[in-house]
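Commentary on secondary and tertiary structure
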Amino acid sequence: MKPTKGKLSRINPVEMLPWVLAVLTLIFLIRAFRKRPLPGRLKPKGRFVHEDPANSEAREERRRDFARIVNTRRDICVLTSSARTPTVLAIDLVSDGSINEDLGNLAQAKLKLWLEGELGEIPGAVDRHAASQWAVVDRLVYFISVSPVFDFLIQSRVQPMTLQARYLLMVSSTGQIRVAWYAFATDKVVPGATSGPFVLKLVSEDLSSGDRGGRSYSEFKYTANQTRETDMDRLIAKQIPLILKGIDADAWDAYLKA
């Protein structure tokens, strides 16, 4: 007895459409979430050191850079025990558009006054007798300038084209002072781009430390991560709870690793 041949059912294209869309969506998501290698020589976490300026010309250049960044009235924000959300650094500079030595010196002097006001509320945080030689102000200005970030990118072999760069000046409840630099980076220049697929964060050591053993450089820790975020302010806002742990209790480890 011959086996009965079954009839092959015809495939209905309409019925298959949801399955095709599901497969295409899955492929898209896999590609979207696929981890890309970090640009250049960057690792997810690392250390960076940068020398202080070696002469008066270099120091003057850092002060001019600092004044330019202050004048954006956007790119330097502060976080303190009283300012619990990023607030633009309250330094007003009068400028005709040119950034000269006088404006650089004025910016540094006003930073010193602002810092004295913040630390004046913390017992023992300010030595009034040593204020004229207050190294922390110099260290802040040295970092919030072009050279350290540019050298970090070049040393890491990352294209020196960053987007939405921001500085956070953080003062803890005990008087520790740290600065963080954030920026979007890319491994491929895209004309007209406003963000990149990677976010870099570079955080200084406690710059208020008086005794550095005679060394003439500052130490930093960095993180580099792939991101889908396109707005730097939103990205920083997600790290505020970790920053506040450092500000309130000098517990910085979780933030440095984030």
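All of the points below concern the structure found in this document. (Residues numbered from 1 in each chain as written. Predicted model: local features only at pLDDT ≥ 70, side-chain atom pairs only at ≥ 80, totals over all residues. Heavy atoms only, no water.)

**A word on the nonpolar core**
Core analysis: the biggest nonpolar cluster contains 43 residues, and Phe 66, Leu 111, Leu 115, Leu 140, Phe 152, Leu 169 and Trp 181 have the highest contact counts within it. Top contributing element to this core by residue count: helix H3 (residues 101–119), with six residues. Leaving out residues up to four positions away in the same chain, Leu 111 has contacts with Phe 66, Leu 89, Ile 91, Val 137, Leu 140, Val 141 and Leu 169. Counting 20 residues, the second largest nonpolar core, distinct from the first, contains Leu 163, Leu 168, Leu 235 and Tyr 255. (Core = buried A, V, L, I, M, F, W, Y, C linked by side-chain atoms within 4.5 Å. Buried < 20%, exposed > 50% of the residue type's maximum accessible area, 1.4 Å probe, protein only. Helix = DSSP H or I, 4+ residues; strand = E, 2+ residues; numbered from the N terminus. Contact = heavy atoms within 4.5 Å.)

**Overview of the pairing of strand S6 (residues 198–204)**
The buried fraction of S6 amounts to seven of the seven residues, a majority that puts the element mostly inside the structure. Of the two faces of S6, the one carrying Phe 198, Leu 200, Leu 202 and Ser 204 and the one carrying Val 199, Lys 201 and Val 203 are both buried. Taken together, the six bridges between strand S5 (residues 177–185) and S6 define a ladder with antiparallel strand orientation. Its bridge partner lying in S6, Ala 183 is registered against Leu 200. Pairing between S6 and strand S7 (residues 217–226): seven bridges, direction antiparallel. By the bridge assignment, Leu 200 is partnered in S7 with Ala 224. (Pairing = 2+ DSSP bridges.)

**So, a positive patch on the surface**
On the surface, Lys 35, Lys 45, Lys 221 and Lys 257 cluster together into a positively charged patch. Topologically, Lys 221 is positioned in strand S7. (Patch = residues over 30% accessible without salt bridge, like charges linked within 9 Å, V, L, I, M, F, W, Y side chains within 5 Å. Areas by Shrake-Rupley, 256 points an atom, 1.4 Å probe, with all protein chains shown as cover. Salt bridge = Lys/Arg side-chain N within 4 Å of Asp/Glu carboxyl O. Lys, Arg positive; Asp, Glu negative; His and termini not counted. Charge placed at Lys NZ, Arg CZ, Asp CG, Glu CD.)

**Looking at the packing of aromatic side chains**
Evaluated as defined, the whole model comprises seven aromatic pairs. Seen from their ring centres, Phe 48 and Phe 220 are 5.9 Å apart, and the 40° between their planes marks the pair as tilted. Taken together, the residues Phe 48 in strand S1 (residues 45–51) and Phe 220 in strand S7 connect sequence positions 172 residues apart. In terms of burial, Phe 48 and Phe 220 fall into one category: buried. Between Phe 143 and Tyr 167, the ring centres sit 6.0 Å apart and the planes meet at 85°, which makes this aromatic pair edge-to-face. (Phe/Tyr/Trp six-rings, centres within 6.5 Å; stacked < 30°, edge-to-face > 60°.)

**Notes on a nonpolar patch on the surface**
A cluster of nonpolar residues, Val 146, Phe 150 and Ile 154, forms a patch on the protein surface that exposes about 260 Å² of accessible area. In this fold, Val 146 is placed in helix H5 (residues 146–155).

**Quick word on the side chain of Arg 178**
Positionally, Arg 178 belongs in strand S5. Of the side chains bearing the opposite charge, Asp 206 lies closest to the buried Arg 178, which forms no salt bridge; the N-O distance is 5.6 Å. Engagement of the side chain of Arg 178 in a polar contact is seen with the side chain of Gln 176, the distance being 3.0 Å. Beyond its immediate sequence surroundings of up to four residues, Arg 178 is in contact with Leu 168, Leu 169, Met 170, Ser 204, Glu 205, Asp 206 and Trp 252. (Polar contact = N/O pair within 3.5 Å; in protein donor to acceptor, adjacent residues only side chain to side chain.)

**Examining the pattern of salt bridges**
Across all of its chains, the model carries twelve salt bridges by this definition. The partner of Arg 36 in a salt bridge is Asp 187, with the nearest N and O atoms 2.7 Å apart. Of this pair, Arg 36 sits in the loop between helix H1 (13–33) and S1 while Asp 187 sits in the loop between S5 and S6, placing them 151 residues apart in sequence. Between Asp 65 and Arg 68 there is a salt bridge whose closest N-O contact spans 2.8 Å. Of this pair, Asp 65 and Arg 68 both sit in helix H2 (residues 56–71), three residues apart, which is roughly one turn of the helix.

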